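Structure at a glance
Okay, here's what each chain looks like letter by letter:
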Amino acid sequence: MGGATLRRRDDGALELRVNGVFVMDDVETSSEQALARTVIDLGAREILVGGLGLGYTLRSLLASPQASRVIVAELHPEIVGWMRDGTIPGADLLADERTQVTVGDVRDVVAAQAPASLDAIVLDVDNGPDFLVHDANAEVYGAGFVGVCASRLRPGGTLCVWTMAPSASLTASLNAALTDVREAAFDVRLQGRDERYWIVSGTRRDDVATAD
Ligand SMILES: C[S@@+](CC[C@H](N)C(=O)[O-])C[C@H]1O[C@@H](n2cnc3c(N)ncnc32)[C@H](O)[C@@H]1O
């Protein structure tokens, strides 16, 4: 596993890289915040987020008093450490009594949750199935892990996945365990370029098995 690095760019932006690959900056964070809004608007109260990044999804979730518990899975301990010591703004997010941060792989953190215990799972751990920063994250977008996520959701619960581009295989993974699967596009301006990012979401089907 490669490491995470932070740098302050010449334009003043804070930039996060993992394995040397650009992951995000603190200038264009609208789609990260939209992830949170999507599940808050659907009434979610107990939510699991993977990963922490620069904390924009978490901040948006905690801004809603409706969010009663937010479990965060973050693979890179240094990112959590930087947020705790203020290198990444957000020590207040980690100190919030509703936040539970676990350093680990989101696949393990989701699997450790009780069946049917969450209203929403929000996945923003990589750039999408076709643009992986960590090869091992391919599994995050596969039907097997999506099925595990579905089993940890309450009936009517939502899985939301951020991706740089829509992917037929990701949509198929969601369709295998979820209903009402949809893709929402977000037009963003990233360092002078127009980009379109996507949130793919679905609702837990009633017939999903919740026993392991
Ligand atoms: C794009 S950032 C998340 C951005 C976040 N939504 C925000 O608002 O700032 C992706 C994060 O996921 C973490 N990550 C990557 N693979 C992971 C995994 N398998 N499990 C948990 N976290 C992971 C990365 O270290 C990084 O912090």
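One structure accompanies this document, and this report is about it. These numbers come from a predicted model, not from an experiment.

As for the overall build of the chain
Per the secondary structure count, the chain includes 7 helices and 10 strands. Its C-alpha atoms give the chain a radius of gyration of 16 Å, near enough to 17 Å, the size a compact globule of 212 residues would have. Based on the C-alpha atoms only, the size of the chain along its principal axes is roughly 50 × 35 × 30 Å. Counting the 212 residues in the chain, one finds 50% classified as buried. In the chain, the proportion of contacts linking residues at least 24 apart, taken out of those at least 6 apart, comes to 64%. As displayed, the chain has an accessible area near 9,200 Å², and 49% of this comes from carbon and sulfur atoms.

Some words on the packing of helix α6 (residues 143-152) against helix α7 (residues 168-177)
The geometry of α6 relative to α7 is characterised by a closest axis approach of 8 Å and an angle of 40° between their N-to-C directions. In this view, α6 runs oblique relative to α7, as classed from their interaxial angle. The hand of the α6/α7 crossing is right-handed. Here Ala143, Val146, Gly147 and Ala150 of α6 come into contact with α7, specifically with Ser173, Leu174 and Ala177.

A short note on the site of the ligand
Lining the immediate surroundings of the ligand are 22 residues, of which Thr57, Glu74, Val106, Asp124 and Asn137 lie closest. Glutamate 74 has a polar side-chain atom sitting 2.6 Å from an oxygen atom of the ligand. One of the side-chain nitrogen or oxygen atoms of aspartate 124 is found 2.7 Å away from a nitrogen atom of the ligand. Protein contact buries 98% of the 600 Å² of open area that the ligand shows by itself. The class makeup of the residues in the shell around the ligand is 10 nonpolar, 8 polar and 4 charged.

Examining the nonpolar core
Core analysis: the largest hydrophobic core is formed by 36 residues, its most contacted members being Val39, Ile47, Leu52, Leu58, Leu61, Val70 and Val122. Here leucine 58 is in contact with Leu52, Val70, Val72, Leu93, Leu94 and Thr99, once residues within four sequence places are set aside. Counting 24 residues, the second largest nonpolar core, distinct from the first, contains Ala73, Ile121, Val140 and Leu170.

With respect to the sheet that holds strand β5 (residues 69-74)
Hydrogen bonds between backbone atoms are what pair the strands of a sheet, whose relative direction is either parallel or antiparallel. Strand order in the open sheet made by the 7 strands is β6-β5-β4-β7-β8-β10-β9, with mixed pairing throughout. Since the sheet does not close on itself, it has two edges, and those belong to β6 (99-103) and β9 (178-190), each with one partner. Put simply, the sheet's adjacent strands are angled 15° from each other on average, direction ignored. Sheet analysis places β9 next to strand β10 (residues 193-204), joined by 11 bridges and oriented antiparallel. Residue pairing in the sheet places leucine 190 in a bridge with arginine 193 of β10.

Some words on the pairing of strand β2 (residues 14-18)
Burial of β2 is extensive: 4 of the 5 residues sit out of reach of the surface. The pairing of strand β1 (residues 4-8) with β2 spans 5 bridges and is antiparallel. The residue of β2 that forms the bridge with alanine 4 is valine 18. Counting the residues that bridge the hairpin from β1 to β2 gives 5 residues, and of these glycine 12 lies at a positive phi of roughly 90°. Alignment of β2 against strand β3 (residues 21-25), held across 4 bridges, turns out to be antiparallel. Residue pairing in the sheet places glutamate 15 in a bridge with aspartate 25 of β3. Hairpin connection, β2 to β3: the antiparallel pair is bridged by 2 residues, and asparagine 19 has positive phi, about 55°.

Rules used in this analysis
Sequence order as written defines the numbering, with residues in each chain counted from 1. Totals for whole chains, interfaces and linings use every residue, but because this is a predicted model, local features are given only for residues with pLDDT of at least 70 and side-chain atom pairs only at 80 or more, for both listing and counting. Hydrogens are left out, water is left out, and the side-chain values use all remaining heavy atoms of the structure. Under the DSSP-based scheme used, a helix requires at least four consecutive residues in state H or I and a strand at least two consecutive residues in state E, with every element numbered from the N terminus. This radius of gyration counts C-alpha atoms alone. The globule rule is 2.2 Å times how many residues there are, raised to the power 0.38. Think of it in three bands: with a 1.4 Å probe and only protein chains considered, a residue is buried below 20% of the maximum accessible area for its type, exposed above 50%, and partly exposed in between. A contact between two residues is defined here by any heavy atoms of the two lying within 4.5 Å. For the area figures, the Shrake-Rupley method with a 1.4 Å probe applies, and any residue is considered shielded solely by the protein chains shown. Between N-to-C directions, angles span 0 to 180 degrees; the directions come from axes that are lines fitted to C-alpha atoms, helices contributing only their stretch in contact. The labels follow the angle: roughly parallel below 35 degrees, roughly antiparallel above 145, roughly perpendicular from 65 to 115, and oblique for the rest. Here a crossing is taken to be left-handed if its near helix is turned anticlockwise relative to the far helix by less than a right angle, and right-handed if that turn runs clockwise. The nearness test applies per residue and asks whether one of its heavy atoms lies within 4 Å of the molecule or strand. For this analysis, a polar contact is any N or O atom pair within 3.5 Å, provided that within protein one partner can donate a hydrogen and the other can accept it, and provided that sequence-adjacent residues contribute only side-chain to side-chain pairs. Throughout this entry, Asp, Glu, Lys and Arg are counted as charged residues, while Ala, Val, Leu, Ile, Met, Phe, Trp, Tyr, Cys and Pro are counted as nonpolar. The remaining residues, Gly among them, count as polar. To define a nonpolar core, start from buried Ala, Val, Leu, Ile, Met, Phe, Trp, Tyr and Cys residues and group those joined through side-chain atoms within 4.5 Å. If DSSP finds at least two bridges between two strands, the strands pair.

Any functional reading would require information beyond the geometric quantities listed.
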